[in-house]
Amino acid sequence: MENIIYLDNAATTRVRAEAAEAMRPYFEAEFGNPSSIYELARNAKRAVETARGEVAAALGAQPTEIYFTGGGSESDNWAIKNIAESYPERGKHIITTEFEHHAVLHACQYMETRGYEATYLPVGTNGVVDPAAVEAAIRPDTALITIMLANNEIGTVQPIAEIAEIAKRRGVLLHTDAVQALGHVPINVKRLGADFLTVAAHKIYGPKGVGALYARKGTKLKPFIHGGAQERGRRAGTENVPGIVGFGVAARLVAEELEREAPREFALRERLVDAVLSAVPDSRLNGDRFKRLPGNANFAFKYIEGESILLLLERHGIFASSGSACTSGSLDPSHVLLAIGMPHGEAHGSLRVTIGRYNTEADIDKLVEVLPGIVRRLRDMSPLH
Ligand SMILES: *Cc1c(COP(=O)(O)O)cnc(C)c1O
């Protein structure tokens, strides 16, 4: 599999060598349980705390504001369900958007079965939430706003700092899912102003199954998993020490490399978008061209199915996506593309290309070389065309 061109970095990323190497000792010689009291355990404990410092630094947070979890989905669920657990005296209304990740959408839908009401804001055709619409949706009983920092399908970046100001002024808590944003746009929780923030390791060249929830000092956070006293009594269970170590290294390195890597990915993305839009008739870029993550391109091709494009791309060793990893395999069109107003028919013909640190100009040129022919061939067979 060494000759593949992997352009699906929003689905997951390859664990970088530095992270894998840092993890290795914690599977083997340093296998101790951080809760035990002998030296072996103290090494594991220290490694977890070093990683907490690294994740905190990458976000501009304090280490005591970081809780390790089993990934982005858990962090999202925890932040949202915590409103009922920690703030029962507040109202029972949540504001979110129509195009959140399913970990947020389905958690909000769950809250609706528990006596909460949720408002799902539309996001407009450019895929960017209007802060004025958020403000207008706030009611006296609104307890939480949960809006993602960057969308996982179309990559659009949301004005979270502006929304945070509104939330603060109106006395509403704000959670943001920053899983896609981390490593691609600068994040500083103090400047952003969110009360809770979700990140995950496997989208930033760290391992799968580990993430974190940032909870601003002064917020209340009740345990989501009950049991032992790990994570200062908030998240029971023996720590995923190797995973956490890998997450720490990955978070430190993406933060260090951001200034160099973001413009590089942006240049590759622009090269791709220009080439595809000029070579393929009836093609379009979904979502705002510039208010988006540097490495994200999401194309609409009329008259054909995204899944068929993927199958033909795979024959050239190119891996991309037709939506989110969670919805592919199902025949439902992407809820994100429907949210930005694409008709059902067209929402099937999308191609998401997400560029990461291992991609080169040669990868983009190969895609640009084969894609127009694939689209032409599929359209020739399409009854819609
Ligand atoms: C991948 C992703 C998640 C889920 O993270 P997991 O670690 O896979 O559970 C949540 N939100 C966004 C925006 C994502 O891209």
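The rules we used
Residues numbered from 1 in each chain as written. Predicted model: local features only at pLDDT ≥ 70, side-chain atom pairs only at ≥ 80, totals over all residues. Heavy atoms only, no water. Core = buried A, V, L, I, M, F, W, Y, C linked by side-chain atoms within 4.5 Å. Buried < 20%, exposed > 50% of the residue type's maximum accessible area, 1.4 Å probe, protein only. Helix = DSSP H or I, 4+ residues; strand = E, 2+ residues; numbered from the N terminus. Domains from an automatic or database assignment. Contact = heavy atoms within 4.5 Å. Buried area = accessible area lost by both parts, 1.4 Å probe. Pairing = 2+ DSSP bridges. Axes fitted to C-alpha atoms, helices over the stretch in contact; angles between N-to-C directions.

*Asks:* So what about the nonpolar core? Which residues, and what values?
*Replies:* For soluble globular proteins, the rule of thumb is that nonpolar side chains tend to be buried together. Formed by 63 residues in total, the largest nonpolar core has its most connected members in Leu-59, Ile-66, Phe-68, Ile-145, Ile-187, Leu-197 and Phe-247. Element by element, the count of residues in this core is highest for helix H2 (residues 39–59), at eight residues. Two domains each put at least three residues into this core: domain 1 (5–12 + 258–381) and domain 2 (17–253). Excluding residues that lie within four positions of it along the chain, Ile-145 makes contacts with Ile-95, Val-134, Ile-138, Ile-163, Ala-167, Val-172, Leu-173, Leu-174 and His-175. Ranked by size, the runner-up nonpolar core spans 28 residues in total, among them Ile-309, Ala-320, Leu-371 and Ile-374.

*Asks:* Residues and numbers for the domain arrangement of the protein chain, please.
*Replies:* By the assigned domains, the protein chain splits into domain 1 (5–12 + 258–381) and domain 2 (17–253). Taking only C-alpha atoms, the centre of domain 1 and the centre of domain 2 are 27 Å apart. Each partner contributes residues to the interface: domain 1 has 31 residues there, and domain 2 has 31 residues. At the boundary of domain 1 with domain 2, total buried surface from both sides reaches about 2500 Å², with 56% on carbon and sulfur atoms. Of all residues in domain 1, Leu-258, Leu-293 and His-335 give up the largest surface area on contact with domain 2, accounting jointly for 24% of the area buried on that side.

*Asks:* Outline unusual backbone geometry, listing residues and values.
*Replies:* In this structure, Tyr-205 takes a positive phi of about 70° despite not being glycine. Residue position: Tyr-205 is located in the loop between strand E7 (196–200) and strand E8 (211–215). Overall, the relative accessible area of 3% leaves Tyr-205 in the buried class. Residues other than glycine seldom take positive phi values, yet Glu-231 does so here, at roughly 50°.

*Asks:* Give a detailed account of the sheet that holds E8, specifying residues and quantitative values.
*Replies:* Pairing is mixed in the open sheet, where seven strands are placed in the order E2-E8-E7-E6-E5-E3-E4. One side of each edge strand has no neighbouring strand; the edge strands of this open sheet are strand E2 (66–69) and strand E4 (117–121). Averaged over all adjacent pairs, the angle separating strand axes in this sheet is 20°, with direction ignored. Both strand E3 (residues 93–97) and strand E5 (residues 142–146) contribute to a ladder of three bridges, which runs parallel. Counterpart to His-93 in the pairing with E5 is Thr-142.

*Asks:* Quick one: what's the story with the sheet that holds strand E9 (residues 283–285), residue by residue and with numbers?
*Replies:* Neighbouring strands of a sheet are bound in pairs by backbone hydrogen bonds; such pairs are parallel or else antiparallel. Pairing in this open sheet of three strands is antiparallel, and the strands run E9-E10-E12 from one edge to the other. The sheet is open, and its two edges are formed by E9 and strand E12 (350–354), each paired on a single side. Neighbour-to-neighbour, the strand axes of this sheet turn through a mean angle of 25°, independent of strand direction. As judged from the three bridges shared by E9 and strand E10 (residues 296–301), these two strands associate in the antiparallel manner. Its bridge partner lying in E10, Ser-283 is registered against Phe-301.

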